Amino acid sequence: MSRSMASSASTPSGSDTARDGTPLRHPRRPKARYRPLTALKHFRELLKDKENTAEVFKIYDALPSGKFIPRVRALTLSQQGETLRASEPFLPTILDDHAALRRLPEGSVGQAYCDFMEREGLSAAGLVEEFAKAGRPTYDDLIQWFGFRQRDTHDLMHVLTGYGRDALGEQCVLLFTHGQAPSQGHLLLGYAGSLHLKKLVKSEAPVMKAVRQAHRTGKACPPLVGLSIRELLAKDLQQVRAELNIPEPHWYRECHRVWREEGIDPYDLLAQERDPEMAAAA
């Protein structure tokens, strides 16, 4: 997901305008169109190459949620939204400042976030670059700020929930995200991706129980997009999980246990697609 903001058109007046004059929707922003067949096409392309993140963004574009704009309006035009836009205009700047985050207390969300990102070789800027590859135009409006904020908290969700970057962990985070901000894109990627895993890996692992738990957890957790990320990073991780109703991901851990007992590497499930004998058995 990306960000450079540019605006040359006049700012509309009215209730859908922030105090600084930023409009809810830029005049040049096209209306979202619901295109389920296009989404399915991009989903098939994603199955061919799981690393092609651009296809993910195209799926989201093709399955817009009718409740997205009301969610944007409710946050961005509130006092909390105004405060967040002033204090946290661009999250990657905060999230990629590992030197500052490493000065936070041991056990804090910030320390855990640095551990996760450094271990996985990730950066918030990298996610921005992936978003840019999709080639979508940017608009200086509240929709863009909100959408970028949802994008930039993705890896933080991994840290808060305890779900890894293995194939099942990614499905769980997608459905956690749907619980936070319902969209058919997350639903398609989360459940269809999970069913694809079950088809690919013949196992007794309770995959669907794991993703359903993630979905419920996302619904019970206050939307991260509306919280101060600076404050969250400074808090103790276990304290934050308790405050946000995020339980231990029991069924996800159980899937990993079962796969290991069956001689399957939870972090290399998709390798079976490259193994003719395993593919034939699937």
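Look up: the structure comes first, before these words.
Presented here is a report on the structure given in the accompanying data block. Here the residue numbers are simple positions, counted from 1 along each chain's written sequence. Only residues with pLDDT of 70 or above have their local features reported here, since the model is predicted, and side-chain atom pairs are shown and tallied only from 80 upward, although totals for entire chains, interfaces and linings are computed over all residues. The basis for every side-chain value is the complete set of heavy atoms in the structure, and neither hydrogens nor water enter the calculation.

### Quick word on the packing of helix α3 (residues 68–76) against helix α9 (residues 142–152)
Close contact between α3 and α9 brings their axes to 10 Å; oriented N to C, the two are set at 95 degrees. Here α9 runs roughly perpendicular to α3, going by the angle between their axes. Of α9, the residues touching α3 (which contributes F68, I69, R71, V72, L75 and T76) are L142, I143, W145, F146 and Q150. Only Asp, Glu, Lys and Arg are considered charged in this grouping, and only Ala, Val, Leu, Ile, Met, Phe, Trp, Tyr, Cys and Pro are considered nonpolar; every other residue, Gly among them, is considered polar. Among the residues making up the contact of α3 with α9, the classes are represented as eight nonpolar, two polar and one charged. Where helices are involved, their axes are fitted lines through C-alpha atoms of the stretch in contact, as for all axes, and angles between N-to-C directions lie from 0 to 180°. Here a helix means four or more residues in a row that DSSP labels H or I, a strand means two or more in a row labelled E, and each is numbered from the N terminus. Each angle is binned into one of four classes, with values under 35 degrees roughly parallel, values over 145 roughly antiparallel, values of 65 to 115 roughly perpendicular, and all other values oblique. Contacts are assigned to residue pairs with any non-hydrogen atoms lying within 4.5 Å of each other.

### What to know about the pattern of salt bridges
Salt bridges, as used here, are contacts in which a Lys or Arg side-chain nitrogen is within 4 Å of a carboxyl oxygen on Asp or Glu. Going through the model one piece at a time under the given rule, you end up with 18 salt bridges. With a shortest N-O distance of 3.8 Å, E170 and R165 are connected by a salt bridge. Linked by salt bridges that have partners in common, R119, E120, R165 and E170 make up one network.

### Remarks on the side chain of R85
Inspection of the secondary structure puts R85 in helix α4 (residues 79–87). Only protein chains enter the accessibility calculation, which uses a 1.4 Å probe; a residue is then buried when its area is under 20% of its type maximum, exposed when over 50%, and partly exposed in between. Note on R85: relative accessible area 15%, which makes it buried. In protein, a polar contact requires one atom able to donate a hydrogen and another able to accept it; more generally it is a pair of N or O atoms within 3.5 Å, and residues adjacent in sequence count only if both atoms are side-chain atoms. Within the local environment of R85, its side chain forms a polar contact with the side chain of D20, the two groups lying 2.9 Å apart. For R85, the residues in contact, after removing those within four places along its chain, are A18, D20, T22, L142 and W145.

### Thoughts on helix α12 (residues 184–200)
End to end, α12 covers 23 Å across 17 residues, agreeing with the expected 24 Å (1.5 Å per residue, within 8%). When α12 is considered as a whole, its buried residues turn out to be G185, H186, L188, L189, G190, G193, S194, L197 and L200. Where α12 is buried, its residues contact α1 (36–48), α2 (53–62), α11 (167–180) and α13 (207–220). The length a helix should cover is 1.5 Å for every residue beyond the first.

### A look at the environment of C114
Here C114 shows up in helix α7 (residues 109–120). Taking the relative accessible area as the measure of exposure, C114 reaches 0% and is therefore buried. For the pair C114 and D97, spaced 17 residues apart in sequence, the C-alpha separation works out to 9.2 Å. Here C114 is in contact with H98, L101 and R102, once residues within four sequence places are set aside.

### Some remarks on helix α16 (residues 250–261)
For α16, with 12 residues, the first-to-last C-alpha span of 17 Å sits near the 16 Å given by 1.5 Å per residue. Residues Y252, E254, C255, H256, V258 and W259 constitute the buried set of α16. Check the buried side of α16 and you find it contacts α11 and α13. Two residues or fewer past α16, G263 is found with a positive phi of approximately 80 degrees.

Keep in mind that these numbers describe shape and distance, not what the molecule does.
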